[in-house]
Amino acid sequence: MSPDPKASSEEVPLRAFAAAMCELDAPASITADLPGWLEARGVAPEDREVLAPHRARLLIYRTMVHSRLRGVVEEYLPRTAAVLGKPRLRGEIAVFMAEQAPRTVYFRDIPGEFLAWAAPRWRDEPGLPPYLADLATHEWLNGEVANDPLGGEPASDLPLALDRPVQLDGSTRLRRYAFAVQLPPGDDGHPIDPPGPPAAMPTAILAYRDRETLRVRLLELTPRAAALCTRLLAGEALQAALTGACADLDAPMNDEFLASMAGFLADLGERGVLLGARAD
Amino acid sequence: MRSSGPDNIPTGVGLGLRGSFAAQIDAGEADGRVPFFEISPENHMRRGGAGPARLARIAGRFPIVTHGLAMSLGGLEPFDPEYFAQLRPFLDRVDNTRTRWHSDHLCFCGVDGQALHDLLPVPFTAASARRIAARVREAADRLERPMAVENISYYVPLGKPVIDEPEFITELLERADCSLLLDVNNVFVNAQNHGFDPQQWLAKIPLERVVQLHVAGHEFWDDSENLIIDTHGAPVRTEVDALLAWVIERVGPVPVLFEWDSNIPELPVLLAERDRLQSVYDAALIRRSAADVT
């Protein structure tokens, strides 16, 4: 690590402080030789002298920063955090800080940034459960939809037309998983946490924010409904979406299919997800 | 309870609106007991769902004061225009007090686009004061409203101080021509951790620029480091009560925020602690009036 010779006297200590929060080997290096660590970052001798007695406090800052981030990840991704376990999650946060660190000023959005960074790594790591990235994606779906600035838009009041795209509530998301990571409903309708890992089973979940209760609702979709929704969310006209969905599934577009999809679209309309044909 | 001063500015001891009890506030459980609520815009702006509707209902019943967490006034990089594009209309919408000011912290929050979500210290130098003052002015211009800045608690001095913290704050306030949100708990925490007299510290800052106060509880990190952390997770200590009273006797009625952000107790406990602080505040105002009379 060589300091930037053009850095101002004010910039140097700020950068060193941020590095203490983020660099992976900072705890070990600072513990071993704080003055040397500061010198390597260009901190002036008089500033090094002031900082030198505060090795423990500098690392307390780091602990507080990392703990806060870990806390919000645990809050939004509790099942994922439980699968990882505290030591592994602590390590993941440390590597996340070193490689990227949060960019969002919105604290609630940190789990999404963390997940976008972590999911590809988790998918590639044989030692981790294969469903972990799907599970985390599904857990984050709730926070994502609950807080989405979009949603609740007025309906276009235009009848559905085959040559037009449809208007969907802005909070609507479709997620596809290789594992059944969603919690099944119990007898009372509330989700239950089943014993054992999720089954390997292609799964599609439509999520939206209810326009009256403002709660997140999840629908498990059939392959046909998922194929249609994927295309509608991409902005395809209704007819193109229906035709494309059949092609995706290598299925005939017959009366049974059309009747089934008509029923599905009617259900989305009653739920306030489908708001009519798009005006533009 | 006197709840507002001139120009409809709320006075007395208010609370930070937190998610753990916002539904109870919405349901009326604090009606008539809290003169104002303070919110952090970053927790509410660019957000849909239940939160905005609830905030609008609460703002219909209580004055709302805004206090940001993410401006990084001490940061090195230019301000994020998107953040200000979100913040400005949010403040215009939510400000129902005509306090007009928006506050944030004298700290930096990361470098190179990081948002570390902590209030990190800045060097106490004249150059730093000048640079941050220019950023405070820029923030006020971008928001088209006055800024107030808050003194933070810091556990490590960021290099050799060229001037002391009161001189740093005074220089910055004068150059930025802005107001001070004085956190008396932070003064106490810093005094304990860095070994200075908090009242001497307070006597050196321009109290005429104080528009709002913060008080909070704090906790020891552990026995080995003998370090107090500004956790906002405990009742306010009597020493901090005394500092609060000392300042109120000198600045008069202002909004005082009681912060409790971690290990938040049940609402009745929170309200009881607020009531206790309100009595400290009221007693200080009485002493101030008596001193004026005599």
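Given the structure is predicted, the values throughout are model-derived calculations rather than measurements.

Criteria and cut-off values
Throughout, residues of each chain are indexed from 1 in the direction in which the sequence is written. Starting at A for chains and at 1 for ligands, labels are handed out in the order in which the entities are written. In view of the model being predicted, local features appear only for residues whose pLDDT reaches at least 70, and side-chain atom pairs are presented and counted only at 80 or more, with totals across whole chains, interfaces and linings using the full set of residues. Think of it this way: any DSSP run of H or I at least four residues long counts as a helix, any run of E at least two long counts as a strand, and we number them from the N terminus. The globule rule is 2.2 Å times the number of residues to the power 0.38, and the radius of gyration it is compared with is taken over C-alpha atoms. Residue burial here comes from a neighbour count, namely the number of other C-beta atoms, placed from the backbone, that lie within 10 Å of the residue's own C-beta, with 20 or more meaning buried, 12 or fewer meaning exposed, and in between meaning partly exposed. A residue pair is marked as a contact if its C-beta atoms, positioned from the backbone, fall within 7 Å. What counts as an axis is a line fitted to C-alpha atoms, over the stretch in contact for a helix, and the angles between N-to-C directions run from 0 to 180 degrees. Should an angle fall under 35 degrees it is called roughly parallel, over 145 degrees roughly antiparallel, and 65 to 115 degrees roughly perpendicular, with every other angle called oblique. All amino acids are sorted into three groups, where Ala, Val, Leu, Ile, Met, Phe, Trp, Tyr, Cys and Pro are nonpolar, Asp, Glu, Lys and Arg are charged, and the leftover types, Gly among them, are polar. What makes a nonpolar core is a set of buried Ala, Val, Leu, Ile, Met, Phe, Trp, Tyr and Cys residues, with links drawn between C-beta atoms within 7 Å. Note that domain bounds follow an automatic or database assignment of domains. Take the number of residues in a helix, subtract one, and multiply by 1.5 Å to get its expected span. Directions pointing from the helix axis toward each C-beta atom define the arc. Think of it this way: DSSP has to see at least two bridges between two strands before they count as a pair. The quantity known as pLDDT measures the predictor's confidence residue by residue, on a range of 0 to 100. Each crossing gets its hand from how the near helix is turned against the far one by less than a right angle, where anticlockwise is left-handed and clockwise is right-handed.

### Let's talk about the overall build of chain B
The helix and strand tally for chain B stands at nine helices and ten strands. Taken over the C-alpha trace, chain B has a radius of gyration of 18 Å; the compact-globule value for 294 residues is 19 Å, and the two agree within 12%. Its C-alpha atoms give chain B principal-axis dimensions of about 50 × 50 × 45 Å. Expressed as a percentage of its 294 residues, the buried residues of chain B come to 47%. Taking the intrachain contacts of chain B between residues at least 6 apart in sequence as the baseline, contacts between residues at least 24 apart amount to 79%.

### Examining the overall build of chain A
A tally of regular secondary structure across chain A gives eleven helices and five strands. Expected size for 280 residues packed as a compact globule is a radius of gyration near 19 Å; at 25 Å, chain A overshoots this value by more than 25%. If you line up chain A on its principal axes, its C-alpha atoms span 80 × 45 × 35 Å. Sequence separation of at least 24 residues holds for 63% of the intrachain contacts in chain A that already meet a minimum separation of 6.

### Quick word on the packing of helix α2 (residues 26-40) of chain A against helix α4 (residues 55-76) of chain A
Residues and elements named next belong to chain A. For the pair α2 and α4, the least separation of the axes is 10 Å and the interaxial angle reads 170°. Here α2 is positioned roughly antiparallel relative to α4, judged by the angle of their axes. Where α2 abuts α4, its residues Ala26, Pro27, Ile30, Thr31 and Leu34 lie against Arg55, Leu58, Leu59 and Arg62.

### Observations regarding the interface of chain A and chain B
Facing 39 residues of chain A, the contacting portion of chain B comprises 33 residues. Grouping the amino acids of the side of chain A that touches chain B by side-chain chemistry returns 23 nonpolar, six polar and ten charged.

### Thoughts on the nonpolar core
In this structure, A:Leu228, B:Val136, B:Val149, B:Leu180, B:Val184, B:Val215 and B:Leu244 are the most contacted members of the largest nonpolar core, which totals 158 residues. Two domains each donate at least three residues to this core, and these are domain 1 (11-128) and domain 2 (152-277) of chain A.

### A short note on the domain arrangement of chain A
When the parts of a complex come together, some accessible area is lost, and that lost area is often used as the size of the interface. The domain architecture assigned to chain A consists of domain 1 (11-128) and domain 2 (152-277). Of note, the centres of domain 1 of chain A and domain 2 of chain A, computed from C-alpha atoms alone, are 39 Å apart.

### Comments concerning helix α4 (residues 126-143) of chain B
Residue and element names in this part refer to chain B. Along its 18 residues, α4 runs 26 Å from first to last C-alpha, staying within 8% of the 26 Å computed at 1.5 Å per residue. Buried within α4 are the following residues: Ser128, Ala129, Ile132, Ala133, Arg135, Val136, Ala139 and Leu143. Viewed along the axis of α4, the buried residues span an arc of 165°, placing them on a single side of the element. Every exposed residue of α4 that faces more than 90 degrees away from the buried side is listed here: Ala127 and Asp141. If you follow the buried residues of α4, they end up packed against α3 (81-94), β4 (102-105), β5 (147-150) and α5 (165-176). A positive phi of about 55° marks Glu144, the residue just after α4.

### Some words on the sheet that holds β4(B)
Residues and elements named next belong to chain B. In spatial order, the strands read β3-β2-β1-β10-β7-β6-β5-β4; together these eight strands make up an open sheet with parallel pairing. In the strand order of this sheet, the two ends are held by β3 (64-66) and β4, each with one partner. Neighbouring strand axes in the sheet, compared pairwise and without regard to direction, differ in orientation by 30° on average. Two elements, strand β6 (residues 179-183) and strand β7 (residues 210-216), share four bridges in a ladder whose sense is parallel. By the bridge assignment for β7, Leu180 is matched with Val210. Along the sheet face, helix α8 (residues 238-251) touches β6, β7 and β10 (255-259) and points at about 165° away from the line of β7.

### Some remarks on the sheet that holds strand β3 (residues 200-209) of chain A
All names here are of chain A. Reading across the sheet, the three strands line up as β2-β3-β4 and stay open at both edges, with antiparallel pairing between neighbours. The open sheet has two edge strands with one neighbour each: β2 (173-179) and β4 (216-220). Here the average twist between neighbouring strands, direction ignored, is 25°. Note: β3 against β4, five bridges, orientation antiparallel. Its bridge partner lying in β4, Tyr208 is registered against Arg217. The strands touched by helix α8 (residues 132-147) are β2, β3 and β4; relative to β2, the strand with the most contacts, the crossing angle is about 165°. Its contacts with the sheet place helix α9 (residues 223-233) against β2 and β3, and it is angled at close to 140° to β2.

### What about unusual backbone geometry?
Despite not being glycine, A:Ala101 shows a phi value in the positive range, around 70°. Its place among the elements puts A:Ala101 in the loop between α6 (86-99) and α7 (110-124). A positive phi angle, near 50°, is found at B:Asn263, a position not held by glycine. Assignment of secondary structure puts B:Asn263 in the loop between β10 and α9 (267-293).

### A few points about the confidence of the model for chain B
Mean pLDDT over chain B: 93, with 96% of residues reaching 70 or higher. Interface confidence in the predicted complex, given as ipTM, is 0.93; pTM for the same model is 0.93.

### Some remarks on the pairing of β7(B)
Residue and element names in this part refer to chain B. Among the seven residues of β7, seven are classified as buried, and the element is accordingly described as predominantly covered. Relative to β10, β7 runs parallel, the two sharing four bridges. Each residue of the ladder has a partner; that of Val215, found in β10, is Phe258.

### Regarding the environment of A:Met261
Residue and element names in this part refer to chain A. Tracing the sequence through the fold places Met261 in helix α11 (residues 255-271). Residue classification places Met261 among the buried positions, given that 21 C-beta atoms sit within 10 Å. Taking C-alpha positions, Met261 is 8.4 Å from Leu242, a pair spaced 19 residues apart along the chain. With residues near it in sequence (within four places) discarded, Met261 still touches Arg224, Leu228 and Leu242.

### With respect to the packing of helix α6 (residues 184-194) of chain B against α8(B)
Residue and element names in this part refer to chain B. Their axes nearest at 9 Å, the elements α6 and α8 cross at an angle of 125°. In terms of orientation, α6 and α8 fall into the oblique class. Crossing handedness for the pair α6 and α8: right-handed. For the pair α6 and α8, the contacting residues are Val184, Asn185, Val187 and Phe188 in the first and Glu239, Val240, Leu243, Leu244 and Val247 in the second. Its residues placed into classes, the contact of α6 with α8 shows seven nonpolar, one polar and one charged.

### Some thoughts on the environment of A:Thr172
All names here are of chain A. Mapped onto the elements of the fold, Thr172 is located in the loop between β1 (166-168) and β2. Judged by C-beta crowding, with 21 C-beta atoms within 10 Å, Thr172 ranks as buried. Spatially, the C-alpha atom of Thr172 lies 9.5 Å from that of Leu274, the residues being 102 residues apart in sequence. Filtering out sequence-adjacent residues up to four positions away, Thr172 remains in contact with Leu206, Tyr208, Leu233 and Val273.

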